[in-house]
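# Architecture at a glance
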Amino acid sequence: MSLDEYRRKRDFTKSPEPSGESTRDRSNEPDADGRVFCVQKHLASQLHYDLRLEHRGVLLSWAIPKGPSINSRDKRLAVHVEDHPIDYRKFEGVIHEGYGAGIIMLWDTGTWTPDVNDVDDALKEGTLRLTLHGTKLKGSWVLIKTGWSQSRKSLTRKNNSWLLIKNSDEWSSTIDITTSAPLSIESLGKFEDILAADSRKLWTSNRPAKSGSAKELLDETITRAETIRASRTAAAQTKNPSQNQNEEN
Ligand code: MN
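For the structure given in this document, a descriptive report is provided here.

About the thresholds
- Residues numbered from 1 in each chain as written.
- Predicted model: local features only at pLDDT ≥ 70, side-chain atom pairs only at ≥ 80, totals over all residues.
- Heavy atoms only, no water.
- Donors = N, O, S within 2.8 Å, 3.2 Å for Na, K, Ca; no water.
- Buried < 20%, exposed > 50% of the residue type's maximum accessible area, 1.4 Å probe, protein only.
- Helix = DSSP H or I, 4+ residues; strand = E, 2+ residues; numbered from the N terminus.
- Contact = heavy atoms within 4.5 Å.
- Phe/Tyr/Trp six-rings, centres within 6.5 Å; stacked < 30°, edge-to-face > 60°.
- Salt bridge = Lys/Arg side-chain N within 4 Å of Asp/Glu carboxyl O.
- Expected span 1.5 Å × (residues − 1).

## A short note on the coordination of the manganese ion
- Binding of the manganese ion to the protein goes through His 42 (ND1), His 48 (NE2) and Asp 50 (OD), at separations of 2.2 to 2.4 Å.
- Going along the chain, you hit the donors of the manganese ion in the pattern H-x5-H-x1-D. For the residue pair His 48 and Asp 50, the accessibility class agrees, reading buried in each case.

Okay, structure coming up:
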C-alpha cells in the first residue's frame, strides 16, 4: 500500500485534492472503530463512480464506469486504480486541470466490514466479500477479479478488472440507486451546485469532457452553474444594492 502512484499523477500546487501528507487523527470521529468507505461520483472525461475502501491506512480504489447497482443481478465493471490517501474520503470539489480534471461529488460514505479473515489474501485471490454500512449502499457485496476483459478484438488478460456485485439481501432492490439517489451526501447538491460554489472561474475553454454523454452533461452543468451564480449575484444586489458585486474571481 503506497501513495507513490497517487502523488506521481498529481500536481498539488494545482489540484485541490488532498496530498496525503497529513497524519490521521480520527479520535473525535464517531466511526473511529470502523473502516471508512466512500463513493465519489466523478464527472471527468467520462462520468464514473469511485469506490474507496479503507485498508492499512489508505483507500483501496476502484473506478466503476456505470456506478454501483443494488440489483443483485447486475455485475458492474470496477477497474482497480491507485490507492488514495485516507483524507480523500471527505473530498468533494472541482479539479480545474490535470489528472482527473472535472467535478467530484461525495455520493456516499460510511464504514465497511470485510467478510473475509484476511483482506490482503482476499485481494490476492481476487474475491473480496464485504458489508457496506453507508447511507445509500448497505448490506452484503462482493468484488471479484475477472482477470479478463473485452478489448476491441479479443479477450485480453487485464489484471485490474474486477466486478462489483450486490448480494441478494434486505438491501438489494431493482431500484436504480444512481438515478433514485443522485445527490451529494455531503452538500445535498448536484454537480452544478458544487461547481457554482467553487470560487474559481467556470470552464470557458479546455473542458475536461471533450465528447459524448460526459461532454453533454458537463456543458449542461456549466450552464446551470452560471444560472446559479447569476441568481445569487442578483439576490445579493437586491439585498445590498450599494455594494458592487463582482463575481469575477
Ligand atoms: Mn475518478
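## Regarding the environment of Arg 129
- In this structure, Arg 129 sits in strand β7 (residues 127-134).
- In contact with Arg 129, not counting residues within four places along its chain, are Pro 114, Asp 115, Val 116, Trp 141, Val 142 and Asn 167.

## Topic: the packing of aromatic side chains
- Inspection of the entire model under this criterion finds 5 aromatic pairs.
- Plain terms: the ring middles of Tyr 6 and Tyr 88 are 6.0 Å apart, the flat faces sit at 90° to each other, and that makes the pair edge-to-face. Of this pair, Tyr 6 sits in helix α1 (residues 4-8) while Tyr 88 is found in the loop between β4 (76-85) and β5 (93-95), placing the two residues 82 residues apart along the sequence.
- Put simply, the rings of Tyr 6, Phe 12, Tyr 88 and Phe 91 pair up and form one aromatic cluster.

## Considering unusual backbone geometry
- With a phi close to 50°, Arg 56 is a non-glycine residue in the positive phi region.
- Mapping Arg 56 onto the fold places it in the loop between β2 (47-55) and β3 (58-64).
- You can call Arg 56 exposed: its relative accessible area is 59%.
- With phi around 60°, Leu 188 is a residue other than glycine that occupies positive phi space.
- Position of Leu 188 among the secondary structure elements: in the loop between α3 (177-180) and α4 (191-197).

## Let's talk about the pattern of salt bridges
- According to the stated counting rule, one finds 12 salt bridges in the structure shown.
- Of the charged contacts in the structure, one is a salt bridge between Glu 82 and Arg 10, with a shortest N-O distance of 3.2 Å. In this pair, Glu 82 is assigned in strand β4 and Arg 10 in the loop between α1 and β1 (35-43), connecting sequence segments 72 residues apart.
- Taking relative accessible area as the criterion, Glu 82 reaches 6% and is therefore assigned buried.
- The residue Asp 50 makes a salt bridge to Arg 52 at a minimum N-O spacing of 3.4 Å. Across this residue pair, the class does not change: Asp 50 and Arg 52 are buried.
- Counted as one network, the salt bridges with shared partners bring together Glu 5, Lys 9, Arg 10, Glu 17 and Glu 82.

## A few points about helix α5 (residues 212-239)
- The end-to-end C-alpha distance of α5, which contains 28 residues, comes to 41 Å, matching closely the 40 Å that a straight helix rising 1.5 Å per residue would cover.
- Burial in α5 covers these residues: Ala 214, Leu 218, Thr 221, Ile 222, Ala 225, Ile 228, Arg 229 and Thr 233.
- Turning to α5, the residues buried within the fold contact β1, β2, β6 (102-114) and α4.

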